[in-house]
Amino acid sequence: TPPGCRMRIVVWLSITSLWLGAAWAVPAKEERKGEKPKEDLVLYENLDLDNYDLTLDNYGEILDLSNYEELYDYGDLAPKIEVGTLAPRPKDPTALPDLGTTAETPKLRPLTTASPIHPAPIPAQGECLPSCLLCLCIGTSVYCDDANLEHIPLLPPETTYLYARFNRIGAIRATDFTGLKKLKRIDLTSNFISWADADSFRLLPSLQELILPENRLTALPELPRSIIRLDARLNRIPSTGLRPEAFRDLKQLQFLHLSDNQLEYIPAPLPESLRSLHLQNNNIQTMHEDTFCDSQDHSQIRRALEDIRLDGNPINLSLFPNAYFCLPRLPTGHFF
């Protein structure tokens, strides 16, 4: 065989062997690919999908969460960032402060305003400060309790209620309440008040309650006709400290409390509007038959006056049986 033909035969045999090897390899590979689906089908055949009902009761049985964390590597997660009060770190390192030196405290710049601010005027010697600088003003109510006051402070013209208890006020002047036409209640409990001008309260057209217990009064000033409640307990008021027929024209007076004073007799006449009369712990020794009822009118009935306190007085109430016929109930006191 010539050399050229021999070379061609070798090349042809090599190509043939390569083709036969590839032909045999492809079926084997395809067969191996087909084996895996068969195995998976066997696994799914063993799984009972008809009874696969996921509920809260069998959730832990179907899904095994005991080794759930082992499947994941949490080491790559960034640490939690806690919210604090520190400012974020600047990106430019040159912007960081030098911790080796102490920063200077910035100087405060003076405030600049369009118009100058004037301080509050200082009252002259002997002049009272406005109440809202000394006390607490809420709406139309002024609260001056326990403020160490010696005088009634200047009140706003719209004042409706004044509370100035537990102070050192010694007197009430006629000018203390001038122009306060809306003032309804004055409470001066527990002061050192020993006297009050005659016109201190008379010119207050809206005054309904005057509260003056635990003071040193020896006389009552004239009251406005709008008064509903007068409380002057625990003072030093004798019967001579009351004006004659002081309460006759007070047609709206309902509560008159004068207990723990030095009264010698019951102030009369009393208005028909009166509901409560407290005169206990005085020095009352006698009573007139017309003190509560009209002795000439036996048909009179005073339904409003239901609360009369005369206990603590040296009076025998049984000696005046005709004085109570018009009352809905007997006074409280000694009947012996």
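Residues numbered from 1 in each chain as written. Predicted model: local features only at pLDDT ≥ 70, side-chain atom pairs only at ≥ 80, totals over all residues. Heavy atoms only, no water.

*Asks:* What am I meant to see in the sheet that holds strand β2 (residues 141-143) here?
*Replies:* One key point about sheets: their strands pair by backbone hydrogen bonds, in either a parallel or an antiparallel sense. Strand order in the open sheet made by the nine strands is β1-β2-β3-β5-β7-β8-β9-β10-β11, with mixed pairing throughout. Two strands in the sheet have a free side with no partner beyond their single neighbour: β1 (136-138) and β11 (307-309). Looking at each pair of strands side by side, their axes are set apart by 5° on average, direction ignored. The pairing of β1 with β2 spans three bridges and is antiparallel. Along β2, the bridge assignment pairs isoleucine 138 with serine 141. (Pairing = 2+ DSSP bridges. Helix = DSSP H or I, 4+ residues; strand = E, 2+ residues; numbered from the N terminus. Axes fitted to C-alpha atoms, helices over the stretch in contact; angles between N-to-C directions.)

*Asks:* It is not clear to me how the state of the cysteines should be interpreted in this structure. Could you clarify?
*Replies:* Where two cysteines share a covalent bond between their sulfur atoms, that bond is called a disulfide. Per the stated rule, a full pass over the model turns up three disulfides. A sulfur-sulfur separation of 2.0 Å characterises the disulfide bridge that pairs cysteine 135 with cysteine 144. On the sign convention where negative means left-handed, the S-S torsion of about 105° between cysteine 135 and cysteine 144 marks this disulfide as right-handed. Overall, the relative accessible area of 14% leaves cysteine 135 in the buried class. Taking the relative accessible area as the measure of exposure, cysteine 144 reaches 1% and is therefore buried. Across a sulfur-sulfur distance of 1.8 Å, cysteine 293 and cysteine 326 are joined as a disulfide pair. (Disulfide = S-S within 2.5 Å. Buried < 20%, exposed > 50% of the residue type's maximum accessible area, 1.4 Å probe, protein only.)

*Asks:* Got a minute to help me understand the environment of arginine 233 in this structure?
*Replies:* Topologically, arginine 233 is positioned in the loop between β8 (229-231) and β9 (255-257). Sequence spacing of arginine 233 and proline 213 is 20 residues, and the spatial spacing of their C-alpha atoms is 4.5 Å. Not counting residues up to four positions away in its chain, the partners in contact with arginine 233 are Leu212, Pro213, Glu214, His257, Ser259 and Asn261. Among the polar contacts listed, one links the side chain of arginine 233 to the side chain of aspartate 231, at a separation of 2.8 Å. (Contact = heavy atoms within 4.5 Å. Polar contact = N/O pair within 3.5 Å; in protein donor to acceptor, adjacent residues only side chain to side chain.)

*Asks:* I'm lost on the side chain of arginine 302 in this one. Help?
*Replies:* One can find arginine 302 in the loop between β10 (276-278) and β11. Residue classification places arginine 302 among the buried residues on the basis of a relative accessible area of 4%.

*Asks:* Can you help me understand the UniProt feature "domain: LRRNT" (unreviewed entry) in the protein chain in this one?
*Replies:* Following the UniProt record, the feature "domain: LRRNT" (unreviewed entry) maps to residues 131-161 here. Along residues 131-161, the helical share is 13% and the strand share 23%, with 12 Å between the first and last C-alpha atoms. (UniProt positions renumbered as here; feature names shortened; annotations may be inferred.)

*Asks:* Could you clarify how one ought to interpret the nonpolar core in this entry?
*Replies:* Generally speaking, nonpolar side chains in soluble globular proteins are found buried as a group. Formed by 56 residues in total, the largest nonpolar core has its most connected members in Leu162, Phe177, Ile186, Phe247, Leu277, Met287 and Phe292. With residues near it in sequence (within four places) discarded, phenylalanine 247 still touches Leu220, Leu223, Leu230, Leu242, Leu253, Leu256, Leu258, Pro267, Pro269 and Pro271. (Core = buried A, V, L, I, M, F, W, Y, C linked by side-chain atoms within 4.5 Å.)

*Asks:* How should I be thinking about the packing of aromatic side chains in this particular structure?
*Replies:* Describing an aromatic ring pair means giving the distance of the ring centres and the angle of the ring planes. With the rule as written, the count across this model stands at three aromatic pairs. Here tyrosine 324 and phenylalanine 335 contribute two aromatic rings whose centre-to-centre distance is 6.3 Å and whose plane-to-plane angle is 75°, an arrangement assigned as edge-to-face. With tyrosine 324 in the segment after β11 and phenylalanine 335 in the segment after β11, this pair connects stretches of sequence that are eleven residues apart. You can call phenylalanine 335 partly exposed: its relative accessible area is 40%. Stacked on the ring of phenylalanine 192, the Lys or Arg arginine 216 has its end atom at 4.6 Å from the ring centre. (Phe/Tyr/Trp six-rings, centres within 6.5 Å; stacked < 30°, edge-to-face > 60°. Lys NZ or Arg CZ within 6 Å of the ring centre and 35° of its normal.)

*Asks:* Honestly, the pattern of salt bridges in this entry has me stumped. Any pointers?
*Replies:* Oppositely charged side chains can pair when the atoms bearing their charge come close. This model, assessed by the stated rule, comprises 15 salt bridges. A salt bridge links arginine 173 to aspartate 176; the nearest nitrogen and oxygen atoms lie 3.1 Å apart. Judged by relative accessible area, aspartate 176 falls into the buried class, the value being 9%. (Salt bridge = Lys/Arg side-chain N within 4 Å of Asp/Glu carboxyl O.)

*Asks:* Looking at this structure, how should I read unusual backbone geometry?
*Replies:* Negative phi values dominate among residues other than glycine, just as trans dominates among peptide bonds. The step from alanine 268 to proline 269 runs through a cis peptide bond, and the omega angle for that step is 0°. For proline 269, the position within the fold is in the loop between β9 and β10. Of note, the phi angle at glutamate 214 is positive, near 60°, even though the residue is not glycine. Structurally, glutamate 214 is set in the loop between β7 (209-211) and β8. Residue glutamate 214 is classed as partly exposed on the basis of its relative accessible area of 39%. Positive phi, close to 60°, is recorded for aspartate 260, a residue that is not glycine. Here aspartate 260 lies in the loop between β9 and β10.

*Asks:* How do you make sense of the environment of isoleucine 186 when you look at a structure like this?
*Replies:* On the secondary structure map, isoleucine 186 appears in strand β5 (residues 185-187). Spatially, the C-alpha atom of isoleucine 186 lies 9.7 Å from that of phenylalanine 201, the residues being 15 residues apart in sequence. Discounting residues that sit within four places of it in the chain, isoleucine 186 has contacts with Leu162, Phe177, Phe201, Leu204, Leu207, Glu209, Leu210 and Ile211.

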